[in-house]
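# Coordinate analysis (summary)
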Amino acid sequence: MIGVGAAAAAGIPLGLPPLAVLGAGAVLLTRRRSLPFTIVAIVVIAAANGMPPGVLGTFLTGALLGAIAPDIDHAYGLVARASARALGAALVALSCAATLWTPNVPAWAAALPGAVGILAVLRPSWMPLTLWIYRAVLSNPLTWLFLGRERMCALVTHRKLSHTVLALLLWTAAMVGGLWVLAPWVPPAVWPYLGGTVSLVERVGLDARTGTMLLWGYAVAVGYTSHLLGDAATVSRIQPWLPFSDARFQVLPSPLLLRTGGRH
Ligand SMILES: [Zn+2]
């Protein structure tokens, strides 16, 4: 909810009507499991506000990808659970393929990945694929060499390195970089509908493709920042300057900090 509010406020300078962002954000919060409903609702809200649905879609998707990313460090985070379910589905598919097309594989061996996959779908926090990847990438020999084992292990625990300004910059760069890599495959005529017609982009005189990139990066950064600010309003606070400084940061006076059970 903090994220949707932040996105609505952040969209104002770009010329995005805050009510449209709030409405579409509310749809994302309540019906995030039903993609067709979400798409239809966003199209309707955008049309009612006289804007291309793609602009609202780009902005909200970016903000969402920014807002859920920091909790990659947690087995119960949205990213970890979604990746575990995807891993589970892939393992079930592998089992089916092994059963159908490789007669020499014994039945128990073909069924094994499927059983693990079903477990991953039912108990996603047991197999948080993205959390493993996150830890594996950070726990490389170079980090070990520069920071030492103890500090390296401490940095990958919950609310450490992924809840920092450094991670915000890296994730935003990665998301913009990802779009930049995909850009050659996007027909030029599509860009104006994705973000190129935002009023600020038109005022500054950017082309539609650069405008979309900026809108996308801005949205990701806004989503990520809103997550960090939300966590900085809780009792465990955040350490935004890691790995350079251990200083803690909070957005509320200590007696007002929220208790969330430390999950997010
Ligand atoms: Zn968090």
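That block above? That's the structure.
Thresholds, definitions, all that
- Along every chain, residues carry numbers that run from 1 in the direction the sequence is written.
- In keeping with the predicted nature of the model, local features appear solely for residues at pLDDT of at least 70, side-chain atom pairs appear and are counted solely at 80 or more, and the whole-chain, interface and lining totals rest on all residues.
- Side-chain metrics in this entry use all non-hydrogen atoms of the structure; hydrogen atoms and water are not considered.
- Secondary structure elements are taken from DSSP: a helix is a run of H or I of four residues or more, a strand is a run of E of two residues or more, and numbering for both begins at the N terminus.
- Here, residues are in contact when the closest pair of their heavy atoms is within 4.5 Å.
- Pairing of aromatic side chains requires ring centres within 6.5 Å, counting the rings of Phe and Tyr and the six-membered ring of Trp. Pairs whose planes differ by under 30 degrees are stacked, by over 60 edge-to-face, and all others tilted.
- In this scheme, Lys NZ or Arg CZ marks a charge over a ring once it lies within 6 Å of the ring centre and within 35 degrees of the ring normal.
- Any carboxyl oxygen of Asp or Glu that lies within 4 Å of a side-chain nitrogen of Lys or Arg is treated as forming a salt bridge with it.
- For each residue, the accessible area found with a 1.4 Å probe, counting protein chains only, is set against the maximum for its type, and the residue is called buried under 20%, exposed over 50%, and partly exposed in between.
- Angular values range over 0 to 180 degrees, each being the angle between N-to-C directions of two axes fitted as lines to C-alpha atoms, with helices fitted over their stretch in contact.
- Roughly parallel refers to an angle under 35 degrees, roughly antiparallel to one over 145, roughly perpendicular to one between 65 and 115, and oblique to any angle outside these ranges.
- Left-handed describes a crossing in which the near helix is turned anticlockwise from the far one by less than a right angle; the clockwise case is right-handed.

Along the chain, A46 falls in helix 3 (residues 35-48). Here the alpha-carbon distance between A46 and G57, two residues eleven residues apart in the chain, equals 9.0 Å. Setting aside chain neighbours within four positions, we find A46 in contact with M51, P52, P53 and L56.

If you walk through the whole model with that rule in mind, you get one aromatic pair. When the ring centre of W126 is taken as origin, the NZ or CZ atom of R123, which lies over that ring, is 5.9 Å away.

Applying the stated rule across the entire model yields two salt bridges. When the shortest N-O distance is used, the salt bridge between D246 and R151 registers 3.4 Å. Remark: R151 occurs in helix 9 (residues 149-155) and D246 occurs in the segment after helix 13 (208-231); sequence separation between them is 95 residues. What makes R151 partly exposed here is its relative accessible area of 28%. A salt bridge links D231 to R159; its shortest N-O distance comes to 3.1 Å. Residue D231 is located in helix 13, and its partner R159 is located in the loop between helix 9 and helix 10 (165-182); the two are separated by 72 residues in the primary sequence.

Attention now goes to the packing of helix 10 against helix 13. Relative orientation of the contacting elements helix 10 and helix 13 amounts to 150°, with a least axis distance of 9 Å. By the angle class used here, helix 10 and helix 13 are roughly antiparallel. Between helix 10 and helix 13 the crossing geometry is right-handed. Every residue of helix 13 that contacts helix 10 at A167, L168, W171, T172, M175, V176, L179 and W180 is listed here: R209, T212, M213, W216, G217, V220, A221, Y224 and T225.

These figures capture arrangement, not role.
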